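The residues making up each chain are set out below.
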Amino acid sequence: MIRKFLAFILIFNVTACAELQQVVNQLPQGGLGNDEIAAGLRQALDFGIDKQVTKLTQTDGFFKNDLVKILLPEELQKVDKGLRDIGLGKLADEGLKVLNRAAEDAVKEATPIFVDAVKGITFADAKNILLGGNDSATQYLTTKTQTALYAKFNPVIKNSFSKVGADAVWNNLITRYNSIPFTADVNPDLTDYVTGEALKGVYTMIAVEEKQIRTNLASRTTDLLRKVFALQD
């Protein structure tokens, strides 16, 4: 009985894969060529970068966006709570704000790296992306850009901490926290943490735009987008 069941599963999987491949092979039909399909995916990502990532570079682009706002790492949330418990909520808010300011500053470095990655999308990439989930294009972009963006963001954020006053604010914040009786001293290095959170924010906003284009017909604002994404509907 078990052998029959396993044989059934194997046949089902082979059949499903064959059907999926058939769908993939038929994608260029309907008047769309390989180049147009790849161009449509590039255009969708370009729109996401231009429309959503640009927002993150503006003042409060992170801080007032609940989807990407950078909060303290879990191990430092006791600092935030401790300050608020003794009436230093304003100081705690300022500490969070400068972390987000550093991320906003760093994201300005992202666009050239994204542009290069988008230019590299092939038809084979486009087919896989088009048949994927609502964030397949974003996942592709993440794979292609994450290492380069981290290397670009990290030193910018480190410099931004100094430029926007994060180093002074956090020194004051941690010093005040460490003076609270019966608390363990904290000495955080937040550069890597904020770099990682900034990256998450960038990809989150690109995914927002991608999902809109995939699921909301009104978001397909060009003929090319309408033609290409009609294939996945």
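Above: the structure in question.
As the structure is a computational prediction, the values presented were derived from the model and not from experiment.

## Things to note about the overall build of the protein
Phase 1 of the analysis: Looking only at helices and strands, the protein features 10 helices and zero strands.
Phase 2 of the analysis: The N-to-C order of helical and strand elements in the protein reads α-α-α-α-α-α-α-α-α-α.
Phase 3 of the analysis: The burial tally for the protein puts 42% of its 233 residues in the buried class.
Phase 4 of the analysis: Pairs at least 24 residues apart make up 81% of the contacts formed inside the protein by residues separated by at least 6 positions.

## Here's the deal with the side chain of T191
Phase 1 of the analysis: Checked against the element boundaries, T191 lands in helix α9 (residues 191-215).
Phase 2 of the analysis: Overall, the relative accessible area of 10% leaves T191 in the buried class.
Phase 3 of the analysis: Ignoring sequence-local partners within four residues, the contact set of T191 consists of N154, I157, K158 and F161.

## Considering the packing of helix α7 (residues 136-163) against α9
Phase 1 of the analysis: Between α7 and α9, the shortest axis-to-axis distance is 8 Å and the interhelical angle comes to 145°. Both α7 and α9 take part in a crossing whose hand is right-handed.
Phase 2 of the analysis: Each residue belonging to the contact of α7 with α9 can be placed in one class, and the counts come to 14 nonpolar, eight polar and four charged.

## As for the pattern of salt bridges
Phase 1 of the analysis: Tallying each qualifying case throughout the model produces 10 salt bridges.
Phase 2 of the analysis: The partner of K64 in a salt bridge is D60, with the nearest N and O atoms 3.5 Å apart.
Phase 3 of the analysis: For K64, a relative accessible area of 64% gives the class exposed.
Phase 4 of the analysis: Looking at D60, the relative accessible area reads 18%, which means it is buried.
Phase 5 of the analysis: One salt bridge connects E104 with R101, and the closest N-O pair in it is separated by 3.3 Å. Of this pair, E104 and R101 both sit in helix α4 (residues 89-107), separated by three residues, roughly a single helical turn.
Phase 6 of the analysis: For E104, a relative accessible area of 3% translates into the label buried.
Phase 7 of the analysis: Ionic contacts of the salt-bridge type, sharing partners, join the residues D60, K64, R101 and E104 into one network.

## Some thoughts on the nonpolar core
Phase 1 of the analysis: Of all hydrophobic cores here, the largest spans 64 residues; its most connected members are F114, F153 and W170.
Phase 2 of the analysis: The contact partners of W170, leaving out residues within four places of it in the chain, are L72, G95, V98, L99 and L190.

## Thoughts on the side chain of R214
Phase 1 of the analysis: Residue position: R214 is located in helix α9.
Phase 2 of the analysis: Among the polar contacts made by the side chain of R214, one reaches the main-chain carbonyl oxygen of L130 at a distance of 3.5 Å.
Phase 3 of the analysis: Ignoring anything within four residues of it in the chain, the contact list for R214 reads I129, L130, G132, G133, N134, S136, A137, R220, F229, Q232 and D233.

## Points about the environment of L41
Phase 1 of the analysis: Along the chain, the position of L41 falls in helix α2 (residues 34-56).
Phase 2 of the analysis: The class for L41 is buried, based on a relative accessible area of 1%.
Phase 3 of the analysis: For the pair L41 and L130, spaced 89 residues apart in the sequence, the C-alpha separation amounts to 7.8 Å.
Phase 4 of the analysis: Once you skip the residues sitting within four places of it in the chain, L41 turns out to touch A126, I129, L130, A137, V228 and F229.

## Some words on the packing of α2 against α7
Angle between the axes and distance between the axes are the two parameters that describe a pair of packed helices.
Phase 1 of the analysis: Packing of α2 against α7 brings their axes to within 11 Å, and their N-to-C directions diverge by 80°. With respect to each other, α2 and α7 are oriented roughly perpendicular. On the side of α2, the interface is formed by L41, L45 and I49, while α7 contributes A137, T138 and L141.
Phase 2 of the analysis: For the contact of α2 with α7, the class distribution of residues is five nonpolar, one polar and no charged.

Thresholds, definitions, all that
Residues numbered from 1 in each chain as written. Predicted model: local features only at pLDDT ≥ 70, side-chain atom pairs only at ≥ 80, totals over all residues. Heavy atoms only, no water. Helix = DSSP H or I, 4+ residues; strand = E, 2+ residues; numbered from the N terminus. Buried < 20%, exposed > 50% of the residue type's maximum accessible area, 1.4 Å probe, protein only. Contact = heavy atoms within 4.5 Å. Axes fitted to C-alpha atoms, helices over the stretch in contact; angles between N-to-C directions. Left-handed = near helix turned anticlockwise from the far one by under 90°. Nonpolar A, V, L, I, M, F, W, Y, C, P; charged D, E, K, R; others polar. Salt bridge = Lys/Arg side-chain N within 4 Å of Asp/Glu carboxyl O. Core = buried A, V, L, I, M, F, W, Y, C linked by side-chain atoms within 4.5 Å. Polar contact = N/O pair within 3.5 Å; in protein donor to acceptor, adjacent residues only side chain to side chain. Parallel < 35°, antiparallel > 145°, perpendicular 65-115°, else oblique.

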